[in-house]
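Residue-level structural notes
Next come the chains, spelled out residue by residue.
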Amino acid sequence: MSESTAMKKLEELGRGMVKQIDAGEGPTFETTLRTKSNTLYDEGYGCLRTGDKKETRKYLSVAQARTFMQTVAIAAKTKQFLAQNLHTSIRGLFYQLKFSLGENLDEDLFTEQSESNGLIEDLEVALKIKREDLHLTTDRKGFLAGNMKIRDKFGGEETIIDLAKQGRSGWSIPSDVDNGMEIESLDADYVLVVEKDALWQRLNEDKFWKEENCLLVTPKGQSTRGTRRLLRKLADKKLPVYCLMDCDAWGWYIYWTIKTGSMNLAYLGRDFAVPESRFIGVTMSDIKEFSFLDKLTIKAKDVDIKRAEEMMGYPWINRHKDWVRELKLVLKTKKKIEQDALQGQKLTFVGEYIKQKIENKEWLS
Amino acid sequence: MEDDVFKQFREHSVAEFFKKNRQMLGFSGKVRSLTMIVHEFVTNGLDACEEAGILPELAVAIEELGKDHYRVTISDNGPGIPKSHLGKALGQMLAGTKFHRYIQQRGQQGIGAAACTMFSYITTGQSTKAITSHNGKKLTATISMDFKKNKPIIEVTGEEETEEHGLTVVSEYKDVRYERSNYGIFEYLRRTALANPHCSISLIEPNNEKTVFPRSIEVNPKRPFEIKPHPLGIKPHDLLEFTKHAVENKRISSFLQHTFARVSAAKVEELKGMLPEIDFNKRPDKMTWEEAEAIVGAIEKLKWIAPATDSLVPIGKEQVEASFRNIFNPEVLVITQRSPKVYRGGIPFSVEVGIAYGGGVAAANKRGEVMRFANKVPLLFDAGGCAITETIKTIDWKRYNIRNFDEEPIAVLVNVVSVHVPYTSAGKQALASEEDLMNEIKFAVMEASRGIQRFISGKKKANEIATKKKVVSRYIEQLSNDLASLTKRKPERIAKELREIIEEKYVDAKKEEIKPPEKPKENEGEKDE
C-alpha cells in the first residue's frame, strides 16, 4: 500500500460523501464491525481477521453525528499530513484536532485521545489501509540486530543502515516499515524473537546472532505494529521465525499475537500475522527436561491464570493439543518461569538452549 | 297581638325584605358587592343590546370618592329605556318580565338594577342617576325608591332630542371596595369579554388606568328563544305558579297541554288514569298543593319525549376560539361543545368547554385557572361549592400529560347554558351538583383535555425533533470544511446542501406538532370511564 493510494482512498471517501449530499441524502460512512463477534479465525491462512459484518454510520443520526464529523476530520487531517509529507503519532494527531468547534459552540472537536484512537482504526478498516499509510506513527519499542541492511529514506535523505553494526543498542524498529524503507540486503538463516530486552542484550553480548547467522529481535513485551509488520516481511523472505517467551500465559500470548494477530487489530489480518512462526520456549515441559528450572519457578499471578483460562477458550489455540497441555499445566501447577531463568545456572546457557530447541525441532506451533 | 304581627309581616315589601337581607342578592363583602353592581348593569346592557340587535359596547368607570366609597358609571349602546319603563327597570324589585320565562337568559330574575339603586341609597343616601337615549329622546333622571311600597321615585331633570341610543347609569356606593383580584371587576369584565366575543368592554379603574377588551366577533349571537317547559323537572310550587299565568285555560287538562312541552292529549289521558281522584276538568287556578304534588309525582312516573334543545345558544366554538385568542393568545386551544342534554329529565342544558394552554396563558401568569360561566355570565364567587369546580377536581390531569394542574399554564373555560340554570342560591354564583350536569361537564373537559394531551405530547415530540435537528446541524461547518479539503468542493456549497437536507428531513416534523382534535363522538366520555 503506497502513500499515493492512501491519498486516493481518502479523496474517494470524501467524494462518495459529497455525492450523497448532492443527491439530497445525508452522508454515510461504512466500516466493518470491529467487535469480538465479528472476529474470526481464518483457518486457511492461520490468522485472525474481521468478518463481513458492516456498520453504516450516518451523519444525520443524533447518536452518530459527532463521531461522523470526527472521522471525516481525521481523514481530512491525515490527507494534509500526506500532502505535506509529515508524520505524527496518534497523540500528535489528537492535538492537531483538539480545537474548539467555534465560538458559538461550547465544544471541542476532540476532547480525549481515546475518542480519536478508535476512529483511526475505523478509517483503517473502512479504507483498507494501515494508519502508517496515513503518516500516523506509533511508539517504537522493538530492537533488531543481525546481518541485514536497510535503505531508509527519511527527511529527504537516503541512508543505508547496517543492522550488523549497531553495537550494544541494536536497530530500533520504526513504526512504519513499509513506506520509505526497503531491505537492501539480507543474509540470515532465521529470525529469533525474544520477549525481553534483557535476554536480547544477553544474546547480543554473546554474539549469538553472529554465530547463528540469525536476526535477533526483541519486541520488548507485546509487539508493536512495526515489529509485527517487519516479522511478516522477513517471513515473506522465507526466513523461519522462532520465538522465545516467558513461560506464562502472558508470554505465550505475545507469541500468539505475532502468530495470528490480536483480536483488537484483527482487521489488520494477514499483513500483520506470522502463522508460520514457531514457539521454542519456554514451556512448562522444559521444567522436566532442564531440572535446574524446577527450583526457579515462581508463583503464577492471577492475571496469568486468567489469561491462560481465556486462551483455553480461543478456538484457534485450543485446537492445538500441545498448547492445551501446556495451558493445563499452568492452571494445575499455578507456576511460571521467566525466560531470564535460563541464565540461572550459567549466563550463556540460553544460547545453548535455543540452539538445542531449533536443532531438535522442539517447538510448538 | 297576633294581628299586629301579621300586619307587620305584610308591610314587609320585597324591597324591604332585601334591604334587610342584602347578602341574598349577592351584596356581601366589599369587593364582591362592587363586582355584583357592575355585573347587574353589564348583563342588563348585554341583554338589551342583543335583544335590539345592536353589537354591544359597554363602558365601565369606577371612581374612588373616599374610603370604601365609589362612583360607578356604566354605559351601554343599547336601545335605552323609555320614560315609562325607567322606574320599573331601575326602581322596582322583581319588576322584570323574565322571571317565569323558560328561556336561556343572563338575568338575575329582575332584581338586578333596582337592587343597585337600593344598595346605593341605603349606603350613601344618594339617588341613582340615569341618562337614557331612546327613540330620539334623551332623558336625564334621578331614581330612588320607596322601600315599603317597592315603588320607584323618579325625578326627571332634563329631556332633549338626540340621535343616539343607550343607557348610562351613574350611582354611588359606600361599604364597597375596588380590587384587582380574582373577585374584582377587572376579572369579571375580562371573563365577560371572553364569553361574549361580540361585545366591546372598556374599563377605567380608580387609578385612571383604562383597559379595553376588544370585540373579536362582529356578529351578535343567535337569540335564544322561549320554549315551553318540559313536564319533567317541574316542582309542585312551579306548577302552581304556572296556573296563575294560565288564565286562558279553563281546565287543568288543557292547561297542562298548553303550558308544557311534550304533553299531548294522550299523555293527559294517562295522567287522568293514574290520578282518578283529581278532577282534570276543574279550573287550573283552583289546583291545590296536594293535587300539584300528585300530578308532579305521576309525571315523574311516565315516559316522556325529551324536550327540544335547540333553544339553547352557547357561546360557540368559533366565538370561544376568537375571544380566547384575543384575550389569552394561548399556544394551543381546544374547544369542546357537547350537544344539548337534559337534566332532571326535562331541563335542557348544554356544556361548552375551552381549554387554553401555554403561550399567553403562561405570559399572563395564569396557572390552573378555572373560569366558570352560566349562560355566558362569569361566576366569580363561591367556587368551592360549584358543580363546575367540583367536577374539574375529579379530572385525572396526569392522564392528559398535565402533571400538576395548579402549576401549569392552563386555563379552563366552562360555560353551562340552560333555560333554567340550577344555581345553588340566589347569589347565582355556583351551580348545584346535578348529576347529569356534572357528567356532561366532565365529558366535555375530558374531551378537550385529549386535544391538549395530543398537543403536549406533540410538543414533546417536536422538542425532541428540534433537539435532534440542533445536534445534526451543529457540525455542518466543520464537516463541510473537512469534506471540502478531501474533495476540492467549496465548503459553502456543501454546507448549504447539508442545511437543505436537514431542513427537509425535519420540516415534516413541525406539521405533526398540532393535530386538530378529533370530532367528538357521542358517549365517548362514558367509554373513557
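On a predicted model such as this, the values are computed, not experimentally measured, just so you know. (Residues numbered from 1 in each chain as written. Chains lettered and ligands numbered in written order. Predicted model: local features only at pLDDT ≥ 70, side-chain atom pairs only at ≥ 80, totals over all residues.)

Focus: the overall build of chain A
Quick reminder of the rule: Runs of H or I in DSSP of at least four residues are treated as helices and runs of E of at least two as strands, each being numbered from the N terminus. Three exposure classes are used. Buried residues have 20 or more other C-beta atoms within 10 Å of their own C-beta, exposed residues have 12 or fewer, and partly exposed residues fall in between, all C-beta atoms being placed from the backbone. Each residue is represented by a C-beta atom placed from its backbone, and any two residues with such atoms within 7 Å are regarded as in contact.
When you go through chain A residue by residue, the secondary structure sums to 13 helices and 17 strands. Taken across its 365 residues, chain A has 42% of its residues classed as buried. The contacts in chain A between residues at least 6 apart in sequence include a share of 72% that link residues at least 24 apart.

Brief notes about the overall build of chain B
Across its full length, chain B holds 17 helices and 14 strands. Expressed as a percentage of its 529 residues, the buried residues of chain B come to 43%. A separation of at least 24 residues holds for 73% of the contacts in chain B among residues at least 6 apart in sequence.

Observations concerning the interface of chain A and chain B
Note the following rule: Here the nonpolar group is Ala, Val, Leu, Ile, Met, Phe, Trp, Tyr, Cys and Pro; Asp, Glu, Lys and Arg are the charged ones; every other residue, Gly included, is treated as polar.
If you look at the interface, chain A gives 26 residues, while chain B gives 19 residues. Contributions of two or more residues to the side of chain A that touches chain B are made by helix H1 (3-22) and helix H2 (65-84) of chain A. Ranked by residues supplied to the side of chain A that touches chain B, first place goes to H1(A) with 9 residues. Taken together, the residues of the side of chain A that touches chain B break down into 17 nonpolar, 4 polar and 5 charged.

Re the sheet that holds strand S9 (residues 157-162) of chain A
Two modes of strand pairing occur in sheets, parallel and antiparallel, and in both the strands are linked by backbone hydrogen bonds. Residue and element names in this part refer to chain A. Here is the rule we go by: Pairing between two strands requires that DSSP report at least two bridges joining them. Geometry is summarised by axes, namely lines fitted to C-alpha atoms with helices restricted to the contacting stretch, and by angles between N-to-C directions that run from 0 to 180 degrees.
The strand order S9-S8-S11 describes an open sheet built from 3 strands, whose pairing is antiparallel. The sheet terminates laterally at S9 and strand S11 (181-186), the two strands that pair on one side only. Shown here is a sheet whose adjacent strand axes are inclined to one another by a mean of 20°, direction ignored. Where strand S8 (residues 148-154) and S9 come together, 6 bridges link them in antiparallel fashion. Across the sheet, residue Lys 149 finds its bridge partner in S9, namely Asp 162.

Some details on the confidence of the model for chain B
Here is the rule: Per-residue confidence from the predictor is given as pLDDT, running between 0 and 100.
Averaged over all residues, the pLDDT of chain B equals 85, while 89% of them reach at least 70. When the criterion is pLDDT under 50, residues 509-529 of chain B qualifies, and its contacts beyond four places in sequence or with other chains add up to 25 contacts.

Regarding helix H5 (residues 197-205) of chain A
An α-helical turn contains 3.6 residues, so any two residues separated by three or four positions project in the same direction. Residues and elements named next belong to chain A. Within H5 the residues assigned to the buried category are Leu 199, Trp 200, Arg 202, Leu 203 and Asn 204. Looking at the packing, one finds that the buried side of H5 touches strand S7 (143-145), strand S12 (190-194), helix H6 (208-212), strand S13 (214-218) and helix H13 (349-359). One or two residues past the end of H5 sits Lys 207, with phi positive at roughly 55°.

Description of the sheet that holds strand S14 (residues 241-244) of chain A
Spatially, S10-S7-S13-S12-S14-S15 (chain A) is the arrangement adopted by the 6 strands of the open sheet, whose pairing is mixed. The outermost strands of the open sheet, each flanked by one partner alone, are strand S10 (171-172) and strand S15 (278-281) of chain A.

Some thoughts on the packing of helix H8 (residues 249-260) of chain A against helix H10 (residues 302-313) of chain A
Residues and elements named next belong to chain A. Stated precisely, the cut-off is as follows: Orientation is classified from the angle alone, with under 35 degrees giving roughly parallel, over 145 giving roughly antiparallel, 65 to 115 giving roughly perpendicular, and any other angle giving oblique.
Interaxial distance between H8 and H10 falls to 8 Å at its minimum, and their mutual angle equals 45°. The angle between the axes of H8 and H10 places the two elements in the oblique class. On H10, the residues touching Ala 249, Trp 250, Trp 252 and Tyr 253 of H8 are Val 303, Asp 304, Arg 307, Ala 308 and Met 311. Of the residues that constitute the contact of H8 with H10, the class distribution is 7 nonpolar, no polar and 2 charged.

As for the pairing of S15(A)
Residues and elements named next belong to chain A. Rule in force here: Look down the strands so they point away from you; if the path from the first strand over the helix to the second goes clockwise, the crossover is right-handed.
Sheet topology places S14 next to S15; 3 bridges connect them, and they run parallel. The residue of S15 that forms the bridge with Tyr 242 is Arg 278. The handedness of the S14 to S15 crossover, carried by H8, is right-handed.

Side note on the nonpolar core
Most often, soluble globular proteins keep nonpolar side chains buried together rather than apart. Note the cut-off: In plain words, the nonpolar core is the set of buried Ala, Val, Leu, Ile, Met, Phe, Trp, Tyr and Cys residues that C-beta atoms within 7 Å link up. For the domain bounds, the source is a domain assignment made automatically or taken from a database.
Core analysis: the biggest nonpolar cluster contains 105 residues, and A:Val191, A:Leu192, A:Val193, A:Leu215, A:Leu216 and A:Cys243 have the highest contact counts within it. Here this core gathers at least three residues from each of two domains, domain 1 (3-137) and domain 2 (187-359) of chain A. Apart from residues lying up to four places away in sequence, A:Cys243 is in contact with A:Val193, A:Tyr255, A:Ile258, A:Ser277, A:Arg278, A:Phe279 and A:Ile280. Of all hydrophobic cores here, the second largest spans 103 residues; its members include B:Val38, B:Ala115, B:Phe349 and B:Val445.

What about the pairing of strand S2 (residues 69-76) of chain B?
Residues and elements named next belong to chain B. Alternating residues of S2 divide into Tyr 70, Val 72, Ile 74 and Asp 76, all buried, and His 69, Arg 71, Thr 73 and Ser 75, none buried. Here strand S1 (residues 57-66) pairs with S2 via 7 bridges, running antiparallel. Each bridged residue has a counterpart across the sheet, and for Ala 59 the counterpart in S2 is Ser 75. Two successive antiparallel strands, S1 and S2, enclose a turn made up of 2 residues, where Asp 68 displays a positive phi of approximately 55°. Across 8 bridges, S2 lies against strand S6 (residues 166-174) in antiparallel orientation. Looking across to S6, one finds that Tyr 70 is bridged to Tyr 173.

Some thoughts on the packing of helix H4 (residues 83-91) of chain B against helix H5 (residues 112-124) of chain B
Residue and element names in this part refer to chain B. Two numbers describe how H4 lies on H5: the axes approach to 5 Å, and their chain directions differ by 70°. Judged on the interaxial angle alone, H5 and H4 are roughly perpendicular. Here H4 contributes Ala 89, Leu 90 and Gly 91 to the contact with H5, which in turn contributes Ala 113, Ala 114 and Thr 117. Within the contact of H4 with H5, the residues separate by chemical class into 4 nonpolar, 2 polar and no charged.

Considering the environment of A:Val282
Residue and element names in this part refer to chain A. Among the secondary structure elements, Val 282 is positioned in the loop between S15 and helix H9 (286-289). Sequence separation between Val 282 and Leu 244 is 38 residues; the distance between their C-alpha atoms is 6.3 Å. For Val 282, the residues in contact, after removing those within four places along its chain, are Asp 246, Cys 247, Ile 337, Gln 339 and Leu 342.

Some words on the environment of A:Thr56
Residues and elements named next belong to chain A. Topologically, Thr 56 is positioned in strand S4 (residues 54-58). We classify Thr 56 as exposed; it has 10 C-beta atoms within 10 Å. Residues Thr 56 and Thr 31, spaced 25 residues apart in sequence, show a C-alpha to C-alpha distance of 6.4 Å. Residues within four places of Thr 56 in sequence aside, it is in contact with Thr 28 and Glu 30.

Concerning unusual backbone geometry
With omega at 0°, the peptide bond leading from A:Gly281 into A:Val282 counts as cis. In the Ramachandran plot, A:Lys238 falls in the positive-phi region, its phi being about 70° despite a non-glycine side chain. Although it is not a glycine, B:Lys488 adopts a positive phi angle of roughly 75°. As for its placement among the helices and strands, B:Lys488 is situated in the loop between helix H15 (476-487) and helix H16 (491-512). Residue classification places B:Lys488 among the exposed residues on the basis of 10 C-beta atoms within 10 Å.

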